[in-house]
Amino acid sequence: MEQISVFDILKVGIGPSSSHTLGPWRAAGRFLSTLREKELFEKVDRVSVTLYGSLSLTGRGHYTDLAVILGLCGADPEVIPPEDIRPMVSYIEQSGCMTLGGERDITFCPLQDIVFEKTFLPFHSNGITFVASDKDGKELDSETYYSIGGGFVVQEGEMPHVGEGVDVKKFPYPIQKADELLSYTKREKCSIADVVLENEKTIRSVPEIREKLLGIWDVMLQSIYTGCHTLGELPGGLRVKRRAAYVYGRIKPYLIYNDHREWARELRHVQADAKNVFTWVSTFAIAVNEVNASLGRIVTAPTNGSSGVIPAVLLYYLSFVNPKATDDHIIEYLLVCGEIGSIFKKEATISAAQGGCQAEIGVSSAMAAAGLCHLMGGLPQQCLAAAEITMEHHLGLTCDPVGGLVQVPCIERNSMGAIKAITAAGWALNNDPSVPVVSLDSVIKTMWETALDMNTKYKETALGGLAAQVPVNHPDC
Ligand code: SF4
């Protein structure tokens, strides 16, 4: 049974896409590690990369080529300053030279050494092959990886990488399905967050878990703050205007603050009326995804394209539902969100290239709904019902990013996901939890079957839906 840590679902990364940016970045990092393990690293004189299927079709709009370059340079997506990315890549493009793994200068011409191959590999639609050769042009090694969504990377037949140091046998509550999670909570008479924490405790100490989760929240909050305070146009050629800062400028109250933390504390004093509370939530969600679209730092939750939903719902709760909330509330919310996301990943997919946007926005919205329901006092069965209701109303949602960029419809879709999560949490709290007509497991199964039936053009190819109706001349294409 696949065991996934909360920290595998909620990861700090760089936009705009977990499967097309973060995954390929990590795949390049894995290729470097393999070269080192095989003691070939010192002999490498050239590396070539082939992007297959969806990575090829929407790779330019998702900056897959740029991510591969950064990964081969040994850059860490969790810590690289976003403002360093463009200059680093421009230097490599102009000089035709990169520092492999941050250690050895090799010839690298992105236009020649990164090939966009539209054919699909049979194992997964996001295939990527790296080939390393020596100075005589002799092939030293060739590896193929697959970016399977949410930043997870596998080789054919391999289980996804799970959290560092995870010993799967030690998880006291192994969970594959929502029903199993529910039965543990009934048996132990505890909440979903309690069960998830017990599993996480086999990987890290409680203080480490708390610190890491609060660190995740800090990055989420920073991305909302940055988005709410940055005007201008998004990169990529669609000329999409940033709207979060514009809307925030219209609704903002008089506040004095120095940074994102102080801002969030001040927001707790804002009295949002029913008329504009959804404007606030939408603005929070859109803010994150504008940061994501501009190669900024966000938390993959469970993907980059859907990274605005979970932070927006949590800031809504902290600002307008329970201004007295503590760190415990933040931690419990993220634990619940993470577990719901991992069940979707195990039983269906969190990859738009496999399941369309229902697998991204649908899953993030379901995660947030369960987390919010928990914070609002919902029983475990109500939290699962909240996730179920949310996914029920995302079934069949296709992925059709205009121009292959994670902007239209992606950015607005996060605000819709956040609002659906809030609505679903409310419904779940008002429903009789003992008689769900549809279980979370059934809706996850339905989502997977819908994914299998979905036409390939609606799976992150930019060949169908809005992407086909709104032709653009992408400047990078
Ligand atoms: S349409 Fe949805 S799944 Fe596709 S790139 Fe945009 S947010 Fe991601």
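Parameters and conventions
Residues numbered from 1 in each chain as written. Predicted model: local features only at pLDDT ≥ 70, side-chain atom pairs only at ≥ 80, totals over all residues. Heavy atoms only, no water. Salt bridge = Lys/Arg side-chain N within 4 Å of Asp/Glu carboxyl O. Helix = DSSP H or I, 4+ residues; strand = E, 2+ residues; numbered from the N terminus. Buried < 20%, exposed > 50% of the residue type's maximum accessible area, 1.4 Å probe, protein only. Near = heavy atom within 4 Å. Nonpolar A, V, L, I, M, F, W, Y, C, P; charged D, E, K, R; others polar. Contact = heavy atoms within 4.5 Å. Phe/Tyr/Trp six-rings, centres within 6.5 Å; stacked < 30°, edge-to-face > 60°. Lys NZ or Arg CZ within 6 Å of the ring centre and 35° of its normal. Core = buried A, V, L, I, M, F, W, Y, C linked by side-chain atoms within 4.5 Å. Domains from an automatic or database assignment.

Before going further, it helps to examine the pattern of salt bridges. Any two side chains of opposite charge can pair, given that their charged atoms come close. Here the structure, examined in full by the defined rule, presents 16 salt bridges. The partner of R30 in a salt bridge is E158, with the nearest N and O atoms 2.9 Å apart. Of this pair, R30 sits in helix 2 (residues 18-37) while E158 is found in the loop between strand 8 (152-154) and helix 7 (178-188), placing the two residues 128 residues apart along the sequence. We classify R30 as partly exposed; its relative accessible area is 24%.

Right, let's talk about the site of the ligand for a bit. The local shell around the ligand consists of G305, A352, C357, E360, C399, D400, C410 and R413. Looking at the shell around the ligand, its residues break down into 4 nonpolar, 1 polar and 3 charged.

As a further point, take the side chain of N199. Assignment of secondary structure puts N199 in helix 8 (residues 192-200). Take N199: its relative accessible area is 3%, and that puts it in the buried class. What N199 contacts, discounting residues up to four positions off in sequence, is F171, P172, Y173 and I175.

Under the criterion given, the structure shown has 13 aromatic pairs. Seen from their ring centres, Y248 and W263 are 5.8 Å apart, and the 80° between their planes marks the pair as edge-to-face. Here the residue Y248 occupies a position in helix 10 (residues 244-251), and W263 occupies one in helix 11 (residues 260-267), the gap between them amounting to 15 residues. Given the relative accessible area of 2%, Y248 is considered buried. Judged by relative accessible area, W263 falls into the buried class, the value being 0%. Clustering of aromatic rings is evident, with ring pairs tying together Y225, Y248, Y257, W263, W280, F284, Y316 and F320. The positively charged end of K212 is found above the aromatic ring belonging to F7, 5.1 Å away from the centroid.

As a further point, take the nonpolar core. One broad rule of soluble globular proteins: the nonpolar side chains tend to lie buried together. Membership of the largest hydrophobic core comes to 106 residues, with the highest contact counts inside it found for L10, W263, L334 and F344. Structurally, this core is a two-domain feature, drawing no fewer than three residues from each of domain 1 (14-154) and domain 2 (168-469). If sequence neighbours within four positions are ignored, L10 has contacts with I216, M220, V299, T300, A301, L334 and M367. Of all hydrophobic cores here, the second largest spans 39 residues; its members include V49, L55, I69 and I114.

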